[in-house]
Every structure is written in C-alpha cells, then in structure tokens.
Amino acid sequence: MISRRLMLLTTAAAVLAAGHLPASAAPRSANPIAMFDTDNDGTLDLMEAKKAASALFAKLDHDHDGTVDKRELAGRLSAKELASADPDHDGTLTLDEYLAVVEQRFKAADPDSDGTLDAKELSSKAGQALLRLMK
C-alpha cells in the first residue's frame, strides 16, 4: 500500500520534472523583475538597478574597505572589464566605479532607450551581464 505522503512526493516530482508549476509557486528569485522592481511597474529602471547593485556591492566587500577586488567580484567582471572600469588602476572598484559599470550595462541592455528594462531585455546577453552585477 502506497502511503499518502509517497503519492504526494511522487506527484510533486512529476510536476517538477514536467516543468508545470503554477506562477504563484515559482520562486520570486526566478524573476529578476519581481526581485528588483521596487515601484511594481513590471520593468526595471536605472535607479532600481543601481539600488540592487549597491546592495550586492556591500555584500561583496568582505573586508569592508569600500572597494571590491577581482577576488571579491567572483567572476562578475572579466579582467579586461575590471581594468577598463578601474580609472586609477589600483585593481579595485569603488562603489561609484562599480555603479558606472552598472549604468553602462543597463544602457547596453536597453536598445529602445526607453529608460526601462522588461523581461525580454533582461534575458538578452547584455541583460544577463547586468544581472550579474545585481544578484
């Protein structure tokens, strides 16, 4: 006799395997717009992107020196990107330098230049590059 618990687990596994989850069951973190859209307009603007990036910067700054280095960035920027974003060539980025990169990536992900990013724009290569600096 199959227990009710086993049946529920089997059903849940089948649903997950098939990829059929109701929208309400999807984790909020799976939707970057939902994660960062503080004004709930269904898009991300530059201010929302910078707010999220600032929060991530604070988490990445493990030694609390006000900068992040290659190690703290953990692959979010290539060595070439880090070098070009580092005007004083000290091997670190301040929050202002980090946010300048965020702004560049935001603009690259906004081909229609409307000042907001929708789900389609965030799923682009440029949008994914921006998201790496936000989460």
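Everything numeric in this text was worked out from a predicted model, so none of it was measured.

Rules used in this analysis
Residues numbered from 1 in each chain as written. Predicted model: local features only at pLDDT ≥ 70, side-chain atom pairs only at ≥ 80, totals over all residues. Heavy atoms only, no water. Core = buried A, V, L, I, M, F, W, Y, C linked by side-chain atoms within 4.5 Å. Buried < 20%, exposed > 50% of the residue type's maximum accessible area, 1.4 Å probe, protein only. Helix = DSSP H or I, 4+ residues; strand = E, 2+ residues; numbered from the N terminus. Contact = heavy atoms within 4.5 Å. Salt bridge = Lys/Arg side-chain N within 4 Å of Asp/Glu carboxyl O. Axes fitted to C-alpha atoms, helices over the stretch in contact; angles between N-to-C directions. Parallel < 35°, antiparallel > 145°, perpendicular 65-115°, else oblique. Left-handed = near helix turned anticlockwise from the far one by under 90°. Nonpolar A, V, L, I, M, F, W, Y, C, P; charged D, E, K, R; others polar.

Asker: Explain the nonpolar core to me, using residue names and the numbers behind them.
Answerer: Core analysis: the largest hydrophobic core is formed by 27 residues, its most contacted members being Leu73, Leu93, Tyr98, Val102 and Met134. Contributions of two or more residues to this core are made by α2 (32–36), α3 (46–60), α5 (79–85), α6 (95–108) and α8 (125–132). The dominant element in this core, judged by the number of residues it contributes, is α3, at six residues.

Asker: Before we move on, could you go through the side chain of glutamate 121 and cite the residues and values that matter?
Answerer: Turning to its location among the elements, glutamate 121 is positioned in helix α7 (residues 119–123). For glutamate 121, the contacting residues outside a window of four places in its chain are Ala109, Asp110, Pro111, Asp112, Thr116 and Gly127.

Asker: For the pattern of salt bridges, give the residues involved together with the corresponding values.
Answerer: Counted by the stated rule, this structure contains three salt bridges. A salt bridge links lysine 50 to glutamate 103; the nearest nitrogen and oxygen atoms lie 3.0 Å apart. Linking lysine 50 in helix α3 with glutamate 103 in helix α6, this pair joins segments that are 53 residues apart in sequence. The exposure class of glutamate 103 is partly exposed, given its relative accessible area of 24%. In this structure, lysine 107 engages glutamate 103 in a salt bridge whose closest nitrogen and oxygen atoms are separated by 3.4 Å. With lysine 107 and glutamate 103 both in helix α6, this residue pair falls four residues apart, about one helical turn. Its relative accessible area of 56% is what places lysine 107 among the exposed residues. In the salt-bridge network here, residues are joined through shared partners; they are Lys50, Glu103 and Lys107.

Asker: Report on the packing of α3 against α6, specifying residues and quantitative values.
Answerer: In a pair of packed helices, the angle between the axes and the distance between the axes together describe the arrangement. At a minimum axis separation of 10 Å, α3 and α6 run at an interaxial angle of 140°. Taken together, the axes of α3 and α6 are oblique relative to one another. As α3 packs across α6, the resulting crossing turns out to be right-handed. Together, Leu46, Ala49, Lys50, Ala53, Ser54, Leu56, Phe57 and Leu60 of α3 and Leu95, Tyr98, Leu99, Val102, Glu103 and Phe106 of α6 make up the contact between the two elements. Of the residues assigned to the contact of α3 with α6, the class counts are 11 nonpolar, one polar and two charged.

Asker: Explain the packing of α6 against α8 to me, using residue names and the numbers behind them.
Answerer: For the pair α6 and α8, the least separation of the axes is 8 Å and the interaxial angle reads 155°. The orientation of α6 with respect to α8, classified from their angle, is roughly antiparallel. Our pair here, α6 against α8, has a crossing hand that is left-handed. Here Val102, Arg105, Phe106 and Ala108 of α6 lie close against α8, whose contacting residues are Ala126, Ala129, Leu130 and Arg132. Classifying every residue of the contact of α6 with α8 by side-chain character gives six nonpolar, no polar and two charged.

Asker: Please set out α8 residue by residue, giving values where relevant.
Answerer: All of the buried residues in α8 are Gly127, Ala129, Leu130 and Leu131. Along its buried surface, α8 packs onto α2, α6, β4 (116–117) and α7.

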